[in-house]
Amino acid sequence: MNPILAGRARILIVDDVHENLHALMNILRDEYAISAATNGEKALELAQRHPQPDLILLDIRMPGMDGYAVLAHLKANPATNRIPVLFVSALAEAADETHGIGLGVADHVTKPIHPDLLRLRVRTQLELQRFRQHAIVFDAPTTRAEEPPTLLVVDDIPENLHSLLEVLQDDYRILVANSGAKALELVMGPTPPELVLLDVLMPGMDGYEVCRRIKATPIGNRIPVIFVTVVDASHEKVKGFAVGAADYITKPFYIDEVHARVRIHLELARLRYRLEHLVEQRTLSLTRSEEKYRILADHSPNWEYWLAPEGRYLYVSPACEEVSGYTPAEFLADPGLMAAIIHADDLAAWKSRGPGTDTTVLAPLSVRIRDKNGQERWIEHVGKPVLETETGKLLGYRGSHYDVTQRRLAEQTLMEEMTRRRTLFERSRDGLCVLEIDGRVCEANATFANMLGYSKKEMTTLHVWDWDARWSQQEIVPILQGISHEGSTFITRHRRQNGSLYDVEVSTCMVQWQGRPLLLASHRDITQQLRQEAQLRQAMKMEAIGTLTGGIAHDFNNILGVILGYTEMTLKHLPQGMRPHTDLQEVYQAGLRARDLVAQLMTFSRRTERRYRPLLLAPLVKEVMKFLQAVIPASVETTMRLRTTTALVHGDPGDLNQILMNLCTNAAQAMEKTPGRLTVTLEEIHLEESEIGSLPLNPGPHARLTVEDTGHGMAPELLPRIFDPFFTTKEVGKGTGLGLSVVHGLVMAIGGAIEVQSREGEGSSFRVYLPLLQEDLPYSRIHPCAAPSTPLNLNILLVDDEATLLEIVRLQLMELGCQVTGISTPEEALERLREHPDGYDLVMADLIMPRTLGTDLLREIRQTHPALPVMLISGHPSISSQEAVQLGFCAFLRKPILFDDLALVLRQWISENNRANPTLEKK
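Counting restarts for each chain: residues are numbered from 1 in the order of the written sequence. A pLDDT threshold of at least 70 governs which residues receive local features in this predicted model, and a stricter bar of 80 or more applies before side-chain atom pairs are shown or counted, although totals over entire chains, interfaces and linings include all residues. Only heavy atoms go into the side-chain values, all of them from the structure, while hydrogens and water stay out.

Caption draft 1: The packing of aromatic side chains, seen in detail. Stacked, edge-to-face and tilted labels apply to pairs of Phe, Tyr and Trp rings (six-membered ring for Trp) whose centres lie within 6.5 Å, assigned for plane angles under 30 degrees, over 60, and everything in between, in that order. Inspection of the entire model under this criterion finds 9 aromatic pairs. Relative to Phe331, the ring of Tyr326 has its centre 6.2 Å away and its plane inclined at 75°; by these criteria the two rings are edge-to-face. Residue class for Tyr326 comes out buried when judged on its relative accessible area of 16%. Throughout, exposure labels follow a simple rule: accessible area from a 1.4 Å probe, protein chains only, divided by the maximum for the residue type, with under 20% read as buried, over 50% as exposed, and the rest as partly exposed. Classification of Phe331 by relative accessible area gives buried; the value is 0%. Ring pairing ties together the aromatic residues Trp303, Tyr305, Tyr313, Tyr326 and Phe331, which thus form one cluster. Arg408 extends its terminal NZ or CZ atom over the ring of Trp378, reaching a point 3.7 Å from the ring centre. Think of it as a cone above the ring: NZ of Lys or CZ of Arg counts as a charge over the ring if it is within 6 Å of the ring centre and within 35 degrees of the ring normal.

Below you can see the structure in the form of structure tokens.
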């Protein structure tokens, strides 16, 4: 097939005689796509279908609508008037051909059909049609565009020459030759003809030889030659086509046929000439472009290459050496060098996606190579197959390598940074999420999802108002939109998927990501923190109350000291049995209760020292229950069951008081919202080995103190934690979480144990087990003791800023046989010691005095009288007897000072000093 024709051209054959139709189809079907019609109406229908025929072979004589009518309709219709039509007819009259040319027929083929001539005429018309439909753009006009065409007429008979001259001279420039030699001379001359009309039968050199020689020259090869002859034999025409003839005009010729043949072949020759000129221009331009490409490629920073279809390098740019270390010559010499330097892990990808694969366009491919120095480098390859435009034939592969090592290293660093940030994001102990400014979740880490009880996938379907319990959607959106780049921190409450609430601190700020604003929010569960802060505030409040209590206790002890002291002194001088003695005895008992009450306040302030001794539990329970009546709600009914009054245990009164107070207060709080009943039971039991279970007790007699309530109770899973420090089931601000842990610690300290039973909605029961003492120590009322029979004979310097208390203590000391000098200020005491350095056996000093503390007075005395003993007296809970001794005091006496306590402390001190200092006894 002619390479100018792209694909198979479509030809419509119209003939009412089936034998003619099949004969034409047989000649043309190998080269063209054939359709057929046996009448004019069908021909017109097929001509308008899509795709239209590229050429129509039309019979003239047909019944009904003949060929002239079909041609007229085709040329009158804009949709079909550009389709070339060839008459195929047995009519050879000039009038028929002239009529057809006037209607617009492109050519005329006479029956019987010569196959080669038919093919020639068809190809000629298809080629002209293709040129006409696809306009060619020329860089510059040809030199012949403005001149009339030049024809060379060759014939040895002058009459024939004159006939052709008459026909053609008005439209063309005519050259004449009467021999083959003359014809060749004119063809090779300075102005060669554009078409040759050549007689076949001439003496000497016939037309076939002349045509062969014309076509053998570069100039003549492009000049069309039309034979004009009386020879009409098929074999002669085949011979003419073989030597390069373009067409035949048979003598005697018709003028219109001559004009038609000449016009057709002149137009085709000129178009071919212009096309060849264009190809030359384009070839020159391509050559220049290739040179430009080579210059660009040679100076390109990228490693450019061109491969032949079989894989051989046609070109490699110099940049290959900078990237790989190998020179272009090494790649040109070894087509397999590229595969040899590619990393083994990337070789499969290179073979499947690199040059030489069947892909039309090679996608970018990143691979590692080992350069000539052994260093690993990353290159990015892009390329594509190079195909011939018209045939699609593979011409090779064009590609480029770009050194992306630095970029890959940067990407690796960036990926590591992203991985690090992703790890930090996911493993953060805070709940992190990224939000749109409309409140929708873009992303959340597992911590935040777990906080709320959702999966990470579910989180991306939520909005802030789905979990924030403080603000509604209408309130939240303006808040989010008002968050700045500096950010903000606030506290709110979140709602978990199961509906439970928790406190959370939110820190958020606005960030820009890919041109859109997002919010980065950090969430920290501060429920425990708020609880601990509340506990700390409660502890600080308790500390403040303790400080206040200590101050009150100090002043109140001074007052009680005066009351009890003077009552004791008066009772010593009144006969027993008389009404005044009995009344003062009650006053004295009330004073002792007041002293015990102050001791409870000091225990509450956690500032007393523990004094373990045998204690009866029944009186202590009574005192606590009496105190509770004033502090628990009226809706709580209290019941006390004392099933023993002789239960004697070893412990500190303040500790036991605190145990019972904490248990009862805890029970009362469990019933503060509803009426309830609080029952306290004291009983003696004997624990057998089988009854002890997991309690840290030994078998034997125990006192069991039970505190029961009808409150809300506790869930079974909470019971193992109730004695943990800071654990509480109460709301924030309703307790420190220390009460039960303190109770547990105090019970364990005195060798006891505690157990609890509780069910939700059924109340709680706490049982405290304390080992019983077997000693016979009956509890009795305290009476003032009689004056000691042996005087103490001590000269004492007494220092106290309370005048009344100073006086009563002075009287008590004198009652014990001591000589007492009472001083109200430390300065005066130091002055007396300077005046009488050896006049005193003992200094008794109060702790809290104006301007000077007792500890300061002790230091002053140590500087001037290092051997003089100093005893500390105080009603303030901030100091214990152990601390007093550590500070350097010889003994400690706590206010309010009872006569018996004063005598006991002094005699004990004398006894200890007799062992240490025998000279004291001589006094």
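Caption draft 2: Inspection of the nonpolar core at higher detail. Residues belong to a common nonpolar core when they are buried Ala, Val, Leu, Ile, Met, Phe, Trp, Tyr or Cys residues joined through side-chain atoms within 4.5 Å. Judged by nonpolar contacts, the single largest core of 40 residues is most densely connected at Leu656, Leu660 and Leu663. At the level of elements, helix H21 (617–628), helix H22 (653–669), strand E24 (676–687), strand E25 (700–709), helix H24 (739–749), strand E26 (753–758) and strand E27 (764–771) are the ones that each hand at least two residues to this core. Secondary structure follows DSSP: runs of H or I at least 4 residues long count as helices, runs of E at least 2 residues long count as strands, and numbering of each begins at the N terminus. At 8 residues, the largest contribution of residues to this core is made by H22. We call two residues in contact whenever any of their non-hydrogen atoms come within 4.5 Å of each other. Excluding anything up to four places from it in sequence, Leu656 contacts Leu615, Leu617, Leu620, Val649, Ile750 and Leu770. Leu798, Met871, Ile873 and Ala903 belong to the second-largest nonpolar core, a separate cluster that totals 28 residues.

Caption draft 3: The arrangement of helix H15 (residues 405–427) in detail. For a helix, the expected span equals 1.5 Å multiplied by the residue count minus one. Its 23 residues place the ends of H15 32 Å apart at the C-alpha level, agreeing with the 33 Å of an ideal helix rising 1.5 Å per residue. When we look at burial in H15, the residues that qualify are Thr405, Phe425 and Glu426. Looking at the packing, one finds that the buried side of H15 touches strand E14 (376–387), strand E15 (394–403), strand E16 (431–436), strand E17 (441–444), helix H16 (446–452) and helix H17 (456–459).

Caption draft 4: Layout of the pattern of salt bridges. A side-chain nitrogen of Lys or Arg and a carboxyl oxygen of Asp or Glu constitute a salt bridge if their distance falls within 4 Å. Going through the model one piece at a time under the given rule, you end up with 37 salt bridges. In this structure, Glu426 engages Arg422 in a salt bridge whose closest nitrogen and oxygen atoms are separated by 3.4 Å. Of the two residues, Glu426 and Arg422 both sit in helix H15, 4 residues apart, roughly one turn of that helix. Of the charged contacts in the structure, one is a salt bridge between Glu436 and Arg440, with a shortest N-O distance of 3.2 Å. Under the relative-accessibility criterion, Glu436 is labelled buried at 13%. Members of the salt-bridge network, linked through shared partners, are Glu31, Asp116, Arg119 and Arg123.

Caption draft 5: Geometry of unusual backbone geometry. Note the cis peptide between His50 and Pro51, where omega equals 5°. When you line up the elements, Pro51 lands in the loop between helix H2 (40–48) and strand E3 (55–58). Along the chain, Lys895 connects to Pro896 via a cis peptide bond; the corresponding omega equals -5°. Positive phi, close to 55°, is recorded for Asn793, a residue that is not glycine. Positionally, Asn793 belongs in the loop between E27 and strand E28 (795–799).

Caption draft 6: Broad picture of the pairing of E17. Any two strands with at least two DSSP-identified bridges between them are counted as paired. As defined by bridge partners, E16 adjoins E17 across 3 bridges and the pair is classed as antiparallel. The partner of Cys433 across the bridge, within E17, is Ala444. Connecting E16 to the antiparallel partner E17 that follows it, the hairpin turn spans 4 residues, and Gly439 within it adopts a positive phi of roughly 95°.

Caption draft 7: Representation of the confidence of the model for the protein chain. Confidence scores per residue from the predictor, reported as pLDDT, run from 0 to 100. Per-chain confidence: the protein chain averages 81 in pLDDT, with 84% of residues scoring 70 or above. Counted against residues more than four places away or in other chains, residues 1–6, with its pLDDT under 50, gives 10 contacts. The low-confidence segment residues 731–738, where pLDDT is below 50, has 17 contacts with residues more than four positions distant or belonging to other chains.

Caption draft 8: Summary view of the pairing of strand E11 (residues 303–307). Along E11, 4 of the 5 residues are buried, which leaves the element largely enclosed by surrounding structure. Examined bridge by bridge, E11 and E15 share 5 bridges and lie antiparallel to one another. Bridge pairing in E15 links Tyr305 to Gly399.

Caption draft 9: The arrangement of the sheet that holds E26 in detail. Across the sheet, 5 strands lie side by side as E22-E24-E25-E27-E26; this open sheet has mixed pairing. Where the open sheet ends on each side, the last strands, each with one partner, are strand E22 (636–642) and E26. Looking at each pair of strands side by side, their axes are set apart by 15° on average, direction ignored. Pairing geometry for E25 and E27, over 8 bridges, is antiparallel. Residue His702 lies in a different strand from E27, and its bridge partner there is Pro771. Lines fitted to C-alpha atoms define the axes here, with helix axes fitted over just the stretch in contact, and angles between the N-to-C directions of these axes take values from 0 to 180 degrees. Helix-sheet contacts for H21 involve E22, E24, E25 and E27, and the interaxial angle to E22 is about 170°. Taken strand by strand, H22 contacts E24, E25, E26 and E27, and its axis lies near 30° from that of E25.

Caption draft 10: Expanded view of the packing of H21 against H22. Relative orientation of the contacting elements H21 and H22 amounts to 45°, with a least axis distance of 10 Å. It follows that H21 is oblique to H22 by the angle criterion. Crossing angle aside, the handedness with which H21 passes H22 is right-handed. Between H21 and H22, the contacting residues are Leu617, Leu620, Val621, Val624, Phe627 and Leu628 on the first element and Pro653, Leu656, Asn657, Leu660, Met661, Cys664 and Thr665 on the second. Three classes are used: nonpolar for Ala, Val, Leu, Ile, Met, Phe, Trp, Tyr, Cys and Pro, charged for Asp, Glu, Lys and Arg, and polar for all others, with Gly counted as polar. Class assignment of the residues belonging to the contact of H21 with H22 gives a composition of 11 nonpolar, 2 polar and no charged. Here is the rule for angles: anything less than 35 degrees is roughly parallel, anything more than 145 is roughly antiparallel, 65 through 115 is roughly perpendicular, and the remaining ranges are oblique. By convention, the crossing between two helices is left-handed when the near helix turns anticlockwise from the far helix through less than a right angle, and right-handed when the turn is clockwise.

Caption draft 11: Molecular detail of the sheet that holds strand E7 (residues 173–177). What the 5 strands build is an open sheet, ordered E7-E6-E8-E9-E10; its pairing is parallel. Both edges of this open sheet fall to E7 and strand E10 (247–250), since each of them pairs with a single strand only. With direction set aside, neighbouring strand axes in the sheet form an average angle of 20°. Pairing of strand E9 (residues 225–229) with E10, which is carried by 4 bridges, proceeds in the parallel orientation. Opposite Thr229, over in E10, you have Thr250 as the bridge partner. Of the strands in this sheet, strand E6 (150–154) and E7 are in contact with helix H7 (residues 180–187), which crosses E7 at around 140°. The strands touched by helix H8 (residues 207–215) within the sheet are strand E8 (195–199), E9 and E10, with E9 carrying the most contacts at an inclination of about 175°.

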